[in-house]
Every structure is written in structure tokens, then in C-alpha cells.
Amino acid sequence: MIQKVRGTRDILPPESRLWLEVEAIAQRVLGGFGYEEIRLPLLEPTELFVRSVGEATDIVGKEMYTFSDRKGRSLTLRPEGTASVARAFIENGLAQRPSPLRVSYLGPMFRYEKMQRGRYRQFAQIGIELLGAATPQADAEVVLALHTFLAELGFDDLVIVLNNLGDPEDRPRFIELLLRELAGHRDELCADCRRRWETNPLRILDCKVPRCRELVSATTPVAEVVSEEAQRHVDAVEAMLRGLGVEVRRAPRLVRGLDYYLRTVFEVVSPELGEDTVICGGGRYDRLIADLGGPQVPGVGFAIGEDRLIEVLPAAFRERVLGRRPVAVLPVGEAAAGRALELVRALAVRGLSAQAEVSGRSLKAGLKWAGKLDARTVVIVGGDELTAGAVVVRDLDRGEQQEVPIAELGDFIARTGEA
Ligand code: HAM
């Protein structure tokens, strides 16, 4: 038997309803903040991610699905969305549009990662990017949109953590200090961190190995080393969010796994999944578009890991969406088969949903089928009622039934049915 590729998933009904509902709410809430969808290719030139996410990051170094196409060009299945948004911004001359530009995206990303709970090789992100505004207010808006979306899903226990990475000019100073503070313990760091020491020392702060964490916790936080201007910026973001009732917590060692960030970075963690399983990551990236050969346009945004978000959805949300029960339409007798389809069509066109019995079951077998589907309402089509222009609607939970004229069936189902 052919099996799915490791790290990919089949999302089956009814679980897929959760995805649709989450995406509908994302579109409503993020759309409400002015973010319109941008649809971008899953395939990009490999160089795009090397130059944006960064050559020394885990993503580019060991996690990309990269291959040569038939003409020998190096292509990569996108591991994230921000780089593609930046490329599209430059390529389509979006700097000509009213500034700032607000876009959202939703779709699969690919990273060759070690498998564990909440970590897949194909996963989906829901993200937004705000391009063209460098103010603290822009950062606050992006975090507010995130917070509003999570609140609309019914979350009340997620924590937004935030840090200040300063500007790229601050970085050499910080890295020098970090390495000086860790110098006496270099041999105690894990093998990865000893490699990071040479290639990308900032990543040492991100290491999950307990001893590395312990050593890092004694070093000076990056936010204390950054310029006054960067400090003022992130302090203002934090103050504005507090004023808006959005609780954020400082995470002095938060660095994020992508190289393009500066100043504000943030993540959302779930107490349920633990601190290592991040639901959402984001931050400011004012040099990215220029570094890719475009104009000097600042940016800020976030991406939510949809798979992880769905794993921790509040119980009430899950119950509301998964608890919806189907309406079954049972034709009795051959003459009723087409009429059953006609009724389903009439309901579907009204935005209701029902499923017809199409396997030729008897009434008894049909009711059993409806029970297995967990239908609450069964519409029985046939016999004298049909001749009289009516159907029998049975409530399986109550064991009651009544005759309903076909012309009123839609209103009746809308009032009493579930699907
Ligand atoms: P990221 O932190 O690499 O940031 O990914 C964002 C989110 O995607 C993570 O917080 C996580 O929930 C989810 N995610 C990442 N890898 C996996 C995986 N292997 N399996 C399941 N979920 C995963 C970015 O991608 C940036 N582009 C975010 C951003 C947008 N920054 C500014 N704008």
C-alpha cells in the first residue's frame, strides 16, 4: 500500500470543519483590520530564502525541500511566507500602491524537521504582513489583530511574549558581549551551539538543551545592549498594547529562528503545549525588502501555525463545530429517488446542508444509516405524503415526526435541523 510522505497529514472530515471554521474567522477578523489575501506560489527560487531567512539558520541550513527542476534551476518548496511576500512586493511594484500595504496569506509551508507532536514537514500558516510603516503603532496593530483573532476563537490562556532585538548595527556589540560572557563555558555548550558560535551566535539563545539554557540565562539580555532608539520603539509598542488591554510579557532571551528580524519580535505560547511549542511567531523586518534588491520599505507581521492552533482550540469551539449533525433525506420507493435529490438541491441552494440516501436502502435500513451518520433530522420522501406535496420529518432524538409541506421544508429545517 502506498503511504503518505512522512510528516504530511490527511485531514479528514469532520476534523476538516475545524480548519474551515478557523480560516473563515481568520478571514473575517484579519480582513476586518484591512488585511487582504495575497496568494503566492509554493515554489520559489532557492536563493530567495537563502538571502532572506539566512544561510546560517536551521531552516535554510537543514530543513528546506530543495531540488533542481528539469532545466537545472534550484527551487525550494516555501518554508515560510514572509520572503515570498517581500519578493512579490518588489516584483509587482507594490510600493506604488497606497502605503502601508496590508496583506494576509494562508496555506502550506514545508520544512524537513524532526517529527514530534505539533511538528510536521508540511504544515499550514495563517499570516499577515504590514509593509511600509515603521512606527510602534504598526507593530501594535499587528499584535492587536493577532490577539483579536485568538480571542474570537475563544482562547483566553495564550501568552504573548515579546523581545527587543535592536537594529542590525547593535548586533555585533551584543554578540561580542554574549561570546565574552560565555567564553569560560564554551566546552559545556552542545555540539550545535559550538557550531553556532562560529556561524550564527545569536541562535545560541534559542537552544533548547538544558545546560545551554542555563548558561544563556546568566548572560546580559539583548534588550539591554540595543540603541536608545530601538529601546524607545519597543517600549512604545508594549505601552500601546497595554493601553489596548493586550497583555504581553517580556521574554529577554527570545531571538526567533529567522535572520531578517530587528527590534520587535514576539511569539505566542500555549500553556497546554509548553513553551517550546510556539503557536505563532512574528516581528519587524525593516531591511528585508531592500536586502532583496527592492526599495527601503519597512515591514512587520506574524504567522500562526494552523496545525498547532487547531490542536489546542478551546473545547467550546471544537464542540460547536464538530457537534453539528447532518440532515438525512430518505427516499422511499423508486419514484422518490429523484425527488430526494431535488429536496437536497433546494436546501443546498438556501445554504442549508443535507445528504440524500443514494444506495437504494429500504426505509428501515435507511433509518439505521441515518443513525450511524448521527443525523438528528431525517426527511422521509415518498408515499401518499409525496403525492400530497409533503414529506415526513422525523426527529430521531425525540422519536417524533410530523408532516411538512415541501414548500415549507427549507424554513422548517432552518428552524429545527442542525446541519
Ligand atoms: P516561524 O516562527 O518560523 O516564523 O513560523 C511561524 C509558526 O509556524 C510557528 O510559530 C509554528 O506555529 C508554525 N510552524 C513552524 N514550523 C512548523 C512545523 N514544522 N510544524 C508545524 N508548525 C510549524 C515564520 O515563518 C515567519 N515568516 C513569521 C513572520 C511573518 N514574521 C513576520 N511575518
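It should be noted that the structure appears before, not after, this text.
Being a predicted model, the structure only gives us computed values, none of them experimental.

S.K.: What should I look at first to understand the sheet that holds strand β4 (residues 74-77) in this one?
M.R.: Adjacent strands of a sheet form backbone hydrogen bonds with each other and so pair up, either parallel or antiparallel. The three strands lie next to each other as β2-β4-β3, forming an open sheet whose pairing is antiparallel. The open sheet has two edge strands with one neighbour each: β2 (43-45) and β3 (65-68). On average, each strand axis in the sheet is inclined to that of its neighbour by 35°, with strand direction left out of account. Looking at chain direction, β3 and β4 are connected through four bridges and run antiparallel. Each bridged residue has a counterpart across the sheet, and for F67 the counterpart in β4 is L75.

S.K.: Looking at this structure, how should I read the side chain of R308?
M.R.: Its place among the elements puts R308 in helix α11 (residues 306-311). Although buried, R308 forms no salt bridge, and the nearest oppositely charged side chain, E113, lies 5.2 Å from it. Engagement of the side chain of R308 in a polar contact is seen with the backbone oxygen of G118, the distance being 2.6 Å. At a separation of 2.7 Å, a polar atom in the side chain of R308 contacts the main-chain carbonyl oxygen of V278. Filtering out sequence-adjacent residues up to four positions away, R308 remains in contact with G118, R119, L273, T277, V278 and I279.

S.K.: Would you mind showing me how to read the sheet that holds strand β15 (residues 390-395) here?
M.R.: Pairing is mixed across the open sheet formed by five strands, whose spatial order is β13-β12-β14-β15-β16. Each end of this open sheet is capped by a strand with a single partner; those strands are β13 (355-356) and β16 (400-405). Note that strand β14 (residues 377-382) and β15 share four bridges and pair antiparallel. In the strand pairing of β15, T377 is matched with D395.

S.K.: Even after reading the chapter, I still don't get the pairing of β4, so can you show me in this structure?
M.R.: By the bridge criterion, three bridges tie β2 to β4 in an arrangement that is antiparallel. Within the sheet, the bridge partner assigned to E44 lies in β4 and is T76. Connecting the antiparallel pair β3 and β4 is a turn made up of five residues, with G72 showing a positive phi of about 85°.

S.K.: How do you make sense of the nonpolar core when you look at a structure like this?
M.R.: If you look at soluble globular proteins, the nonpolar side chains tend to sit buried side by side. L131, F174 and I204 are the most contacted members of the largest nonpolar core, which has 60 residues in total. Beyond its immediate stretch of four places on either side in the chain, L131 contacts V85, F89, S99, P100, L101, Y285, I289, V297, P298 and G299. Among the nonpolar cores identified, the runner-up in size contains 45 residues, and A133, L162, V268 and F317 belong to it.

S.K.: Just to check I follow, could you spell out the side chain of T264 for this structure?
M.R.: Of note, T264 is situated in strand β9 (residues 262-270). Only 2.6 Å separates the side chain of T264 from the side chain of D139, close enough to count as a polar contact. The contact partners of T264, leaving out residues within four places of it in the chain, are D139, L162, N163, H233, V234, V237, G283 and R284.

S.K.: Please explain the packing of helix α1 (residues 15-32) against helix α5 (residues 136-152) as it appears in this structure.
M.R.: When two helices pack together, their arrangement is given by the angle between their axes and by how far apart the axes lie. The interhelical angle for the contact between α1 and α5, taken along N-to-C directions, is 140°, at an axis separation of 10 Å. Here α1 is positioned oblique relative to α5, judged by the angle of their axes. Note on packing geometry: the crossing formed by α1 with α5 is right-handed. Along the contact surface, α1 presents V22, I25, A26, R28, V29 and L30, while α5 presents A145, T148, F149 and E152.

S.K.: I would appreciate a short explanation of the packing of aromatic side chains in the present structure.
M.R.: The description of two aromatic rings rests on the distance between their centres and on the angle between their planes. Applying the stated criterion across every chain, the model contains three aromatic pairs. A connected cluster of aromatic rings, assembled from ring pairs, spans Y260, Y261 and Y285. The lysine or arginine in question, R121, covers the ring of Y112, its NZ or CZ lying 3.9 Å from the ring centre. A cation over an aromatic ring shows up here: R320 above the ring of F317, its NZ or CZ 5.2 Å from the ring centre.

S.K.: In this structure, what is going on with the environment of T148? I would like to understand it.
M.R.: Within the secondary structure, T148 is located in helix α5. Considering only alpha carbons, one finds T148 and V246, 98 residues apart in sequence, at a separation of 9.1 Å. Non-local contacts of T148, meaning those with residues more than four positions away in its chain, are made with V29 and F33.

S.K.: Please clarify how empty space enclosed by the protein should be interpreted in this entry.
M.R.: A probe matching the size of a water molecule, rolled over the atoms, marks out where space remains unfilled. Here the structure, examined in full by the defined rule, presents one cavity of 30 Å³ or more. Every residue along the wall of the largest cavity is listed here: A26, Q27, L30, E37, S104, Y105, L106, I126 and G127. Tallied by class, residues from the lining of the largest cavity come to five nonpolar, three polar and one charged.

S.K.: What is the right way to look at the pattern of salt bridges in this model?
M.R.: Oppositely charged side chains are able to pair whenever their charged atoms sit close together. Tallied over the full model, the rule gives 40 salt bridges. Salt-bridge contacts for D58 lead to K62; the nearest nitrogen and oxygen are separated by 3.9 Å. Of this pair, D58 and K62 both sit in helix α3 (residues 58-63), separated by four residues, roughly a single helical turn. The partly exposed category is assigned to D58, whose relative accessible area is 25%. With its nearest N and O atoms 3.0 Å apart, the salt bridge here joins R256 to E267. Of the two residues, R256 sits in the loop between β8 (248-250) and β9 while E267 sits in strand β9, which places them eleven residues apart along the sequence. Note on accessibility: R256 and E267 belong to one class, buried.

What counts and how
- Residues numbered from 1 in each chain as written.
- Predicted model: local features only at pLDDT ≥ 70, side-chain atom pairs only at ≥ 80, totals over all residues.
- Heavy atoms only, no water.
- Pairing = 2+ DSSP bridges.
- Helix = DSSP H or I, 4+ residues; strand = E, 2+ residues; numbered from the N terminus.
- Axes fitted to C-alpha atoms, helices over the stretch in contact; angles between N-to-C directions.
- Buried < 20%, exposed > 50% of the residue type's maximum accessible area, 1.4 Å probe, protein only.
- Lys, Arg positive; Asp, Glu negative; His and termini not counted.
- Salt bridge = Lys/Arg side-chain N within 4 Å of Asp/Glu carboxyl O.
- Polar contact = N/O pair within 3.5 Å; in protein donor to acceptor, adjacent residues only side chain to side chain.
- Contact = heavy atoms within 4.5 Å.
- Core = buried A, V, L, I, M, F, W, Y, C linked by side-chain atoms within 4.5 Å.
- Parallel < 35°, antiparallel > 145°, perpendicular 65-115°, else oblique.
- Left-handed = near helix turned anticlockwise from the far one by under 90°.
- Phe/Tyr/Trp six-rings, centres within 6.5 Å; stacked < 30°, edge-to-face > 60°.
- Lys NZ or Arg CZ within 6 Å of the ring centre and 35° of its normal.
- 1 Å grid on protein atoms, 1.4 Å probe; cavity = no way out; pocket = protein on both sides within 12 Å on 5 of 7 lines; lining within 4 Å.
- Points joined across faces, edges and corners; volume = space filled by probe spheres on them.
- Nonpolar A, V, L, I, M, F, W, Y, C, P; charged D, E, K, R; others polar.

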